[in-house]
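Topology and contacts: notes
Here are the chains, one letter per residue:
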Amino acid sequence: QARWADPKLSWGLVPTMGALHQGHISLAKRSVSENDKSCATIFVNPTQFAPTDDLDQYPRPLEKDLEMFEAAGIDMVFTPTPDVMYPAGFGTRVIVDGVTARLEGEHRPGHFDGVTQVVSKLFNIVQPYRAYFGQKDAQQTVVLKKMVRDLNFNLDLIICPTVREPDGLAMSSRNIYLSAEQRQNATVLYRSLAKAKDMIEQDDIRDASLIRQTIREMVNNTPETELIYASVADGANLRELDQISGNILISLAVRVGETRLIDNFILNNI
Ligand code: PAF
């Protein structure tokens, strides 16, 4: 009802799971600057978590989040409960093929089915002109672009740059789980991506396995970290590359202590 009070107004949508940081706020500010009105959502979506994931521990500082969105100029925040989103009898899934099978999808089976399910519901509920997502979840942006194209959602997806701490660590709601020492060790994600970028752009290395190996070694040489995957893939279909060319996605997932972190760089026109 609030969204259609004045149908002439353009609405932006910023879907989040809360526990906001400056990455979320950059999406909110971009939406506020590009639309007449902006709606943010805060919903820790159970269907994108595996039973072994951190659903119950996921931080939910709702009052602080609402203040941060208000300060960023957001007009409306939708904070449904799981019962509102998935009432008794709910039984529809949204499955994107292909690009969901690799990287995060390979290691977190079902994760993207939950993401596309909830995001398609949010798109239908809010019916925005534009929806804002962070580049940090690179595969999520590829999956959602495909869903929007395949299912003819009438909106533009706007992908915003990853916001980083001064030492390069990508902002993430999960960073608060890290001890001081783990927080230091977690910079290996950014450092290994920066090293990979230099190898490709400055040293002209085109052998993707050499890049993956370098990332693997840097993570393995860092205390309290475990590499989940290191990938050098085609930026569009996310298939692993042998030879590097075109638009590529370099990404990795690392467990730092108990905390699972991801990060990526995109290199274009290699
Ligand atoms: O990126 C996230 O925070 C979530 O995957 C999203 C898009 C809000 C869906 O729950």
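The paragraphs below set out a description of the structure included in this document. Not measured: the values here are computed from a predicted model. (Residues numbered from 1 in each chain as written. Predicted model: local features only at pLDDT ≥ 70, side-chain atom pairs only at ≥ 80, totals over all residues. Heavy atoms only, no water.)

As for the nonpolar core
- Val-119, Phe-123, Met-147 and Leu-157 are the most contacted members of the largest nonpolar core, which has 34 residues in total.
- Broken down by element, the residue count for this core peaks at seven residues, all from helix 5 (residues 111-126).
- When residues no more than four places from it in sequence are discounted, the contact partners of Phe-123 are Leu-13, Pro-128, Ala-131, Phe-133, Met-147, Val-148, Phe-153, Leu-155 and Leu-157.
- With 27 residues, the next largest nonpolar core counts Ile-200, Ile-215, Val-219 and Leu-252 among its residues. (Core = buried A, V, L, I, M, F, W, Y, C linked by side-chain atoms within 4.5 Å. Buried < 20%, exposed > 50% of the residue type's maximum accessible area, 1.4 Å probe, protein only. Helix = DSSP H or I, 4+ residues; strand = E, 2+ residues; numbered from the N terminus. Contact = heavy atoms within 4.5 Å.)

Description of the environment of Ser-38
- Of note, Ser-38 is situated in strand 2 (residues 37-42).
- Taking the C-alpha atoms as reference points, Ser-38 and Phe-265, 227 residues apart in sequence, are found 28 Å from one another.
- Excluding anything up to four places from it in sequence, Ser-38 contacts Trp-11, Gly-12, Ser-31, Val-32, Ile-74, Asp-75 and Met-76.
- Among the polar contacts made by the side chain of Ser-38, one reaches the main-chain amide nitrogen of Val-32 at a distance of 3.4 Å. (Polar contact = N/O pair within 3.5 Å; in protein donor to acceptor, adjacent residues only side chain to side chain.)

Brief notes about the sheet that holds strand 6 (residues 225-234)
- Reading across the sheet, the three strands line up as 6-7-8 and stay open at both edges, with antiparallel pairing between neighbours. Of all the strands in the sheet, just strand 6 and strand 8 (259-267) have a single pairing partner and so form its edges. Each strand of the sheet is rotated relative to its neighbour by a mean of 10°, with strand direction disregarded.
- By the bridge criterion, nine bridges tie strand 6 to strand 7 (residues 248-256) in an arrangement that is antiparallel. Its bridge partner being in strand 7, Ala-233 is matched across the sheet by Leu-249. (Pairing = 2+ DSSP bridges. Axes fitted to C-alpha atoms, helices over the stretch in contact; angles between N-to-C directions.)

With respect to the packing of helix 1 (residues 22-34) against helix 2 (residues 62-72)
- Relative orientation of the contacting elements helix 1 and helix 2 amounts to 35°, with a least axis distance of 9 Å. Relative to helix 2, the crossing made by helix 1 is right-handed. Across the interface between the two elements, Gln-22, Ile-25, Ala-28, Lys-29 and Val-32 of helix 1 pack against Met-68, Phe-69 and Ala-72 of helix 2.
- Taken together, the residues of the contact of helix 1 with helix 2 sort by class into six nonpolar, one polar and one charged. (Left-handed = near helix turned anticlockwise from the far one by under 90°. Nonpolar A, V, L, I, M, F, W, Y, C, P; charged D, E, K, R; others polar.)

Some remarks on the sheet that holds strand 4 (residues 130-134)
- Read across the sheet, five strands follow the order 3-2-1-4-5 without closing on themselves; strand pairing throughout is parallel. The sheet is open, and its two edges are formed by strand 3 (76-78) and strand 5 (156-160), each paired on a single side. Adjacent strand axes in the sheet meet at a mean angle of 25° when their direction is disregarded.
- Across five bridges, strand 4 lies against strand 5 in parallel orientation. If you follow Arg-130 over to strand 5, its bridge partner there is Asp-156.
- Where helix 1 meets the sheet, its contacts fall on strand 1 (11-16), strand 2, strand 4 and strand 5, and the angle it forms with strand 4 comes to roughly 155°.
- Contacting strand 1, strand 2, strand 3, strand 4 and strand 5, helix 5 runs over the sheet at an angle of about 150° to strand 1.

Some words on the layout of surface pockets
- Counted as a void, the second largest pocket has a volume near 290 Å³.
- In terms of lining, the second largest pocket is formed by 15 residues, of which the most central are Thr-141, Val-142, Lys-145, Gly-235 and Ala-236.
- Counting only elements with at least two residues in the lining of the second largest pocket, the list comes to helix 6 (138-150) and strand 7.
- At six residues, the largest contribution of residues to the lining of the second largest pocket is made by helix 6.
- Residues that form the lining of the second largest pocket fall into these classes: seven nonpolar, five polar and three charged. (1 Å grid on protein atoms, 1.4 Å probe; cavity = no way out; pocket = protein on both sides within 12 Å on 5 of 7 lines; lining within 4 Å. Points joined across faces, edges and corners; volume = space filled by probe spheres on them.)

Points about the packing of helix 8 (residues 188-201) against helix 9 (residues 208-220)
- Where helix 8 meets helix 9, the axes come as close as 9 Å, and the angle between the chain directions of the two elements is 150°. One finds that helix 8 runs roughly antiparallel with respect to helix 9. Crossing of helix 8 over helix 9 shows right-handed handedness. Residues Val-188, Arg-191, Ser-192, Lys-195, Ala-196, Met-199 and Ile-200 of helix 8 form the contact with helix 9, whose participating residues are Leu-210, Ile-211, Thr-214, Ile-215, Met-218 and Val-219. (Parallel < 35°, antiparallel > 145°, perpendicular 65-115°, else oblique.)

These results come straight from atomic positions and should not be treated as a statement about function.
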